[in-house]
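Residue-level listing of the chains:
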Amino acid sequence: MTQKLNWIEEELTNLKETGFYNRIRTISSPQGAWLEVDGKRVLNFCSNNYLGLANHPDLTAAASASIAKYGVGPAAVRTIAGTMDLHLLLEQRLAAFKGVDAAITFQSGFCANLATIPALVGKEDAIFSDELNHASIIDGCRLSGSPIIRYAHANAADLERLITENQGKFRRGLIITDGVFSMDGDIAPLDAIQQVAEKYDLMLMVDDAHGEGVLGRGGRGIVDHFNLHGKVDVEVGTLSKAFGVMGGVAAGNANLVEWLRQRSRPFLFSSAATPADVTACLAAVDVLERSTELVDRLWDNTRYFKDHMRALGFDTGNSVTPITPIMLGEVPLAQQFSRDLFDQGVFAMALGFPTVPRGKARIRVMISAAHTKDDLDAGLTAFQKVGKQLGVLGG
Ligand SMILES: *Cc1c(COP(=O)(O)O)cnc(C)c1O
């Protein structure tokens with residue numbers, strides 16, 4: 001009898017015994033403020049559906065019409081027969097929305113990082129990367145074969161120190177940071193980082209996955225938030241969070257985007273995004289350009305929820321965005337808190353080591369424009385009840 005796969009069962013058992021096994025819940029409803037999760041209707045504090053676009057009538061109608069006209073599959077990679085007029089239109093609309101020269105879309109935000117970074121640097125170069133950057137940035141950096149120099153989180157002075165220490169040792173340099181960090185909800189000091197990039201003439205890339213549709217005027221993202229238009233070489237992003245659909249994007253300098261069309265591997269070797277997805281993304285841009293109502297509501301909800309959580313006595317960490325961590329300390333407490341919330345009809349994820357540092361386990365609440373004040377009040381009531389039950393809150 002073959003034994004060659006036995007190690008997997010041992011590893012899985014080990015994950016279960018050490019509490020690192022991921023039990024994945026199943027959703028059987030559309031995305032929105034409320035979800036049906038494992039057969040139970042619960043308040044949704046987990047999704048990246050910041051603006052409620054994932055089931056917005058404009059987007060679903062546009063996608064349906066697109067399927068009727070273009071069918072469901074792209075049937076080719078972009079460079080062979082997969083580029084439809086829809087893809088080019090979306091790229092133009094995204095570039096205009098962001099106020100940059102050009103944009104190129106990919107199948108996901110993860111793909112956008114795997115596409116962009118290896119096209120810009122190689123083994124003679126150097127990447128300066130925030131130590132808390134997203135996994136897809138890390139993988140993109142590794143794929144490039146370039147040496148990776150990690151600077152202290154959100155620390156432009158440490159970045160500058162490392163650049164000067166390594167001066168003369170690399171051909172091209174690329175600085176990469178997340179815009180919004182998804183575990184803490186803090187924002188990269190992109191203004192200070194951009195000054196360092198300019199001083200040493202290094203390329204600058206920001207991954208604005210949690211900033212698009214959230215930060216800046218009408219959700220135009222972190223570059224707009226810091227008013228750095230024209231000063232960031234490439235903004236990578238996703239169409240799967242605030243935009244509510246699926247896909248990734250790299251936007252910025254025209255030549256750089258042209259180079260990605262020639263060289264980025266997910267663009268060359270993986271099929272194009274589907275017509276329905278692309279059309280839904282176009283409808284998302286329409287919604288964002290038409291009015292700031294959803295972005296305004298997102299921030300209004302964010303302030304309301306955070307203010308009330310702090311008033312109840314919860315520690316919401318360093319967040320300055322709709323990502324709201326509720327700091328609890330140890331992993332078992334955070335996991336118990338999440339289970340008890342679920343019993344109260346609230347779906348909110350516990351995050352612990354290794355996703356976040358030891359002793360910094362938390363519940364992460366994702367606020368959305370889809371939440372009503374009543375929804376948020378229901379959430380606050382559940383947090384207060386469980387907080388008292390578990391001794392996190394006094395009284
Ligand atoms: C979510 C996320 C991604 C991945 O985006 P997908 O479209 O879901 O693949 C990439 N980078 C960052 C910073 C993210 O938060």
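First, a word on what this report is: a plain description of the structure on this page. Predicted, not measured: the structure shown is a model, and the values here were computed from it.

### Focus: the sheet that holds strand E9 (residues 248-252)
Here comes step 1: Overall, mixed pairing links the seven strands, which are arranged E3-E9-E8-E7-E6-E4-E5 in an open sheet. Each edge of the open sheet is held by one strand with a lone partner, namely strand E3 (102-106) and strand E5 (148-151). The average angle at which neighbouring strand axes cross in this sheet is 20°, direction not considered.
Here comes step 2: Here strand E4 (residues 126-130) runs beside strand E6 (residues 173-178); their pairing, made up of four bridges, is parallel. Counterpart to Ala 126 in the pairing with E6 is Gly 173.
Here comes step 3: Docked against the sheet, helix H6 (residues 135-144) engages E4, E5, E6 and strand E7 (203-207), running at close to 160° with respect to E6.
Here comes step 4: Strand contacts of helix H7 (residues 156-166): E4, E5 and E6, with the helix running at about 145° to E5, the strand carrying the most contacts.

### Some details on the site of the ligand
Here comes step 1: Taken together, 14 residues sit near the ligand, with Gly 109, Asp 207, Thr 238, Ser 240 and Lys 241 positioned nearest.
Here comes step 2: With respect to the ligand, the side chain of Asp 207 contributes an N or O atom lying 2.6 Å from a nitrogen atom.
Here comes step 3: Lys 241 is positioned such that a nitrogen or oxygen atom in its side chain is 2.6 Å from an oxygen atom of the ligand.
Here comes step 4: In the complex, 85% of the free accessible area of the ligand, which totals 380 Å², lies under the protein chains.
Here comes step 5: A total of three residues in the shell around the ligand trace back to one element, the largest contributor, which is helix H5 (residues 109-120).

### Some details on unusual backbone geometry
Here comes step 1: Along the chain, Phe 353 connects to Pro 354 via a cis peptide bond; the corresponding omega equals 10°.
Here comes step 2: Within the secondary structure, Pro 354 is located in the loop between strand E12 (349-351) and strand E13 (361-366).
Here comes step 3: Non-glycine residue Asp 38 carries a positive phi angle of around 45°.
Here comes step 4: With respect to the secondary-structure elements, Asp 38 resides in the loop between strand E1 (34-37) and strand E2 (40-44).
Here comes step 5: Residues other than glycine seldom take positive phi values, yet Ala 154 does so here, at roughly 55°.
Here comes step 6: What makes Ala 154 partly exposed here is its relative accessible area of 26%.

Cut-offs and rules
- Residues numbered from 1 in each chain as written.
- Predicted model: local features only at pLDDT ≥ 70, side-chain atom pairs only at ≥ 80, totals over all residues.
- Heavy atoms only, no water.
- Pairing = 2+ DSSP bridges.
- Helix = DSSP H or I, 4+ residues; strand = E, 2+ residues; numbered from the N terminus.
- Axes fitted to C-alpha atoms, helices over the stretch in contact; angles between N-to-C directions.
- Contact = heavy atoms within 4.5 Å.
- Near = heavy atom within 4 Å.
- Polar contact = N/O pair within 3.5 Å; in protein donor to acceptor, adjacent residues only side chain to side chain.
- Areas by Shrake-Rupley, 256 points an atom, 1.4 Å probe, with all protein chains shown as cover.
- Buried < 20%, exposed > 50% of the residue type's maximum accessible area, 1.4 Å probe, protein only.

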